[in-house]
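A look at the structure
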Amino acid sequence: MEERTATVNKWEHFSHGADIGIRGIGASPAQAFEQAALALTAVVTDPACVRPGAEIAISCADDDPELLFVDWLNAVIYEMAVRGMLFSRYRVTIDGGRLAGTATGETVDAARHQPAVEPKGATYTELEVARRGDGQWIAQCIIDV
Amino acid sequence: MDTNRLTKLSDTAWQIEPRRDMRVPAVIYADEALIRDMDDKVFEQAANVAALPGIVNAAYAMPDAHWGYGFPIGGVAAFDAEQGGVVSAGGVGFDISCGVRCLLTGLHRDAVEAVKTTLADALYYQIPVGVGSTGAIALDLHEMDAMLHGGAHWAVERGYGSDRDLDRIEEGGCMAGAEPKAVSAKAKHRQRQQIGTLGSGNHYLEVQEVTAVHDEEAARAFGLAAGDMVISIHCGSRGLGHQIGTEYLKRMLAAAGTAGIRLPDRELACAPIRSAVGQEYLGAMRAAINSALANRQVITHLVRGVFRRLLPDAGLELLFDVSHNTCKLERHRVDGVERELYVHRKGATRAFGPNHPDLPEAFRAAGQPVLIGGSMGTASHILAGTAASESLSFASACHGAGRRMSRRQASKSWHGRQVVDELAARGILIRSPSPRGVAEEAPGAYKDVDAVVEAAHRAGLARKVARLEPVVCIKG
């Protein structure tokens, strides 16, 4: 399992037969969502290779935190697809069922990023947003690639 | 999967007996070795599908079945609208109408070998591939809707191919009942510059050699002979299909709740066929099928351009184009009665047997060509639909090998450069923008496609016609 650590916040991938699982871990649901989005970027390329240039605003809403999480990831995937961008920095605030966030990154550079695969969508498979026994929040699901 | 959990119907058919909420049994077609190697999730997912309203006969899993989303990949299920049947976005998948198209070149290996490196480079240069790539055609909203209505017809009308191609495409190249109004502005925007692009992941374009012919008569009908070179294109509806899948999955979650359908897995989200959401999804999904047919038609045009320049003697007639992520309204005989059913095939190929009225005249005697994809270093296969598959699986067969290893495991097991070099030593040229992508798609990450095809053949789902081996592979 590959992982990156930044204080208590981190992301990791987990295996799925045909595709790939992403998991964000943070002190709050918002931080777990941010970390999961980094894990999404890492499905495509090393986030450290992506320069933080343009900032894109993203918003979505759902009263169910798990559906909100999938909406957030799908909104990021949509912006990646239509703008031809990759993102290396995410900021999320959640107020009730409303999410306001930003994704910061740059246009895909095939030579430098060597993008491995294109995410098609975030799925409800292995979907979970929950607080673990150690007080940390996790947000996870399988990404169809 | 533990075979003790299954009832053995034959050496290649295993049944999950109805339990708990299952309305019908589930049947897995595979030999014992493939069953033992199969993920337990296939059992769980096939049983879940068998619990959906209006399902007819059984939920089926093909020999390449593996863990999917809601439905197993390699899953087939038919629903009757008159019995409260449902349509499921998860039962089709995100990559709507992903499929394989095969072109006949009329060339032999020596002709291709003479220009192989130049050919690989030219195909890689001309065909947009990989993350962030865009096609040369930018569609405005008017043209987008025309494409979503017309499919491959739209492409041919604009000079990307000829009328002769259309007869060799499922549905004659245009899926009826497409409803562009049911496709969101976001989905259309996502597709704006993606027509004529291959995508990434397991999508590819390969130049292949026919290395074995198993059925001379069917091969003749398909225009194949040992030593012939063919081209296979594997891709789908691109961003438009992905966005439709994303949006309708969520809408169907609410629709299932409204209809009182209990979902054991949210990914099984579905709507009654006779509901507003169900009908809108069918219209949008059919538009996505047309997007995939147009996409593969434009890529065909790009391939022909490369061959015209480097190998002008190549014929490049279309053998066939068949999708493996669809839901189609078809007529099937159930207990002696012909019924209209909505057949979901997710990672499964339609495989009409001989004399089916929807087949082109050229294939009436042999049955429909069933195109089974490999992965770079592994073989692909061409099979023919059988009469038996009608009663076995609503005329369906497998679509590929299926993964035996996750992407993470694969990228830790191989380096992309190493895979490219090893395949080059075997005479197979790979062109890809991503070494990691190549590692994740390494041939060893997939099950043995020959074993999967053998099981499909022995089960009677389709019969073997020809085996293909790659010579050049353009990989996303």
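Cut-offs used in this document
As a convention, each chain's residues are numbered from 1 in the sequence order in which they are written. Chain letters start at A and ligand numbers start at 1, both assigned in the order the entries are written. Under the rules for a predicted model, residues below a pLDDT of 70 receive no local features and side-chain atom pairs below 80 are neither given nor counted, while totals for whole chains, interfaces and linings still include all residues. Contact criterion: two residues are in contact if their C-beta atoms, reconstructed from the backbone, are within 7 Å. What counts as a helix is a DSSP run of H or I of at least four residues, what counts as a strand is a run of E of at least two, and both are numbered from the N terminus. When residues are grouped by polarity, Ala, Val, Leu, Ile, Met, Phe, Trp, Tyr, Cys and Pro land in nonpolar, Asp, Glu, Lys and Arg in charged, and all others, Gly among them, in polar. One bridge is not enough; two strands pair if DSSP finds at least two bridges between them. Axis definition: a line fitted to C-alpha atoms, limited for helices to the stretch in contact. Angles are taken between N-to-C directions and run from 0 to 180 degrees. For our purposes the nonpolar core covers buried Ala, Val, Leu, Ile, Met, Phe, Trp, Tyr and Cys residues that link as a set through C-beta atoms within 7 Å. Comment: burial labels come from other C-beta atoms within 10 Å of the residue's own C-beta, placed from the backbone, where a count of 20 or more is buried, 12 or fewer is exposed, and between is partly exposed. By the definition adopted for this analysis, an angle is roughly parallel if under 35 degrees, roughly antiparallel if over 145, roughly perpendicular if from 65 to 115, and oblique otherwise. Put simply, a crossing is left-handed when the front helix is turned counterclockwise from the back one by less than a right angle, and right-handed when it is turned clockwise.

In many reports, interface size means the accessible area that the parts give up when they come together. Opposite the 33 residues of chain B that make contact, chain A presents 27 residues. Elements that contribute at least two residues to the side of chain B that touches chain A include exactly β4 (59-69), α8 (185-191), α10 (238-258), α13 (407-413) and α15 (435-440) of chain B. Within the side of chain B that touches chain A, the residues separate by chemical class into 7 nonpolar, 15 polar and 11 charged.

Moving on to the sheet that holds strand β3 (residues 26-29) of chain B. Residues and elements named next belong to chain B. Taken together, the 7 strands give an open sheet; going across it, the order is β1-β2-β3-β4-β5-β13-β12, and neighbouring strands pair in mixed fashion. For this open sheet the edge positions go to β1 (7-10) and β12 (325-334), each flanked by a neighbour on one side alone. Each strand axis lies, on average, 40° off the axis of its neighbour in the sheet, ignoring direction. With 3 bridges joining them, β3 and β4 adopt parallel strand pairing. Of the residues in β4, the one forming a bridge with Val-27 is Tyr-60. Sitting on the sheet, helix α16 (residues 449-459) is in contact with β2 (13-16), β3 and β4, with an inclination near 145° to β4.

Among the nonpolar cores identified, the biggest contains 176 residues, and Ala-46 and Met-252 of chain B are the most heavily contacted of them. For this core, the leading source of residues is helix α11 (residues 276-310) of chain B, giving 17 residues. With residues near it in sequence (within four places) discarded, Ala-46 of chain B still touches Ile-16, Ala-26, Ile-28, Ala-59, Ala-61, Pro-72 and Gly-75 of chain B. By size, the runner-up hydrophobic cluster in this structure holds 49 residues, among which are Ala-39, Leu-86, Val-117 and Ile-142 of chain A.

Residue and element names in this part refer to chain B. Burial analysis of strand β19 (residues 462-475) places 13 of its 14 residues in the buried class, which makes it a mostly covered element. Of the strand pairs in this sheet, strand β8 (residues 204-213) and β19 are connected by 9 bridges, and their pairing is antiparallel. Paired with Leu-205 across the strands is Ile-474, a residue of β19. Note: strand β16 (residues 380-385) against β19, 6 bridges, orientation antiparallel. Bridging from a neighbouring strand, Gly-385 pairs with Ala-462 of β19.

Here we take up the sheet that holds strand β6 (residues 98-107) of chain A. The strands making up a sheet associate through hydrogen bonds between their backbones, and the pairing can be parallel or antiparallel. Residues and elements named next belong to chain A. With antiparallel pairing, 3 strands are arranged side by side in an open sheet as β4-β6-β5. Two strands lie at the open edges of the sheet, namely β4 (54-61) and β5 (85-95), each paired on one side alone. Averaged over neighbouring strand pairs, the angle between their axes works out to 20° when direction is ignored. Against the sheet, helix α2 (residues 65-83) makes contact with β4, β5 and β6, and its axis sits at roughly 145° relative to β4, the strand it touches most.

Moving on, we get to the pairing of β12 of chain B. Here is the key point about a regular strand: its side chains alternate between the two faces of the sheet. Residue and element names in this part refer to chain B. Bridge analysis of β12 against strand β13 (residues 337-346) gives 10 bridges, and the strand direction is antiparallel. The residue bridging Cys-327 from the neighbouring strand is His-344, located in β13. The turn linking β12 back onto β13 is made up of 2 residues, and Asp-335 within it adopts a positive phi angle of 50°.

What follows deals with the packing of α10 of chain B against α11 of chain B. Geometrically, a packed helix pair is captured by the angle between its two axes and the distance between the axes. All names here are of chain B. Here α10 crosses α11 at 165°, and the two axes come no closer than 10 Å. Classified by the angle between their axes, α10 and α11 sit roughly antiparallel to one another. Here α10 and α11 pass one another in a crossing that is left-handed. Touching Arg-238, Leu-240, Gly-241, Ile-244, Tyr-248, Arg-251, Met-252 and Ala-255 of α10 are Val-277, Tyr-281, Ala-284, Met-285, Ala-288, Ser-291, Ala-292 and Asn-295, all from α11. A per-class count over the contact of α10 with α11 returns 11 nonpolar, 3 polar and 2 charged.

Here the focus is the packing of helix α1 (residues 29-44) of chain A against α2 of chain A. Residues and elements named next belong to chain A. Axis separation between α1 and α2 bottoms out at 10 Å; the angle between their running directions is 40°. With respect to each other, α1 and α2 are oriented oblique. Crossing hand, α1 versus α2: right-handed. Along the contact surface, α1 presents Pro-29, Phe-33, Ala-36, Ala-37 and Leu-40, while α2 presents Pro-65, Phe-69, Trp-72, Leu-73 and Val-76.

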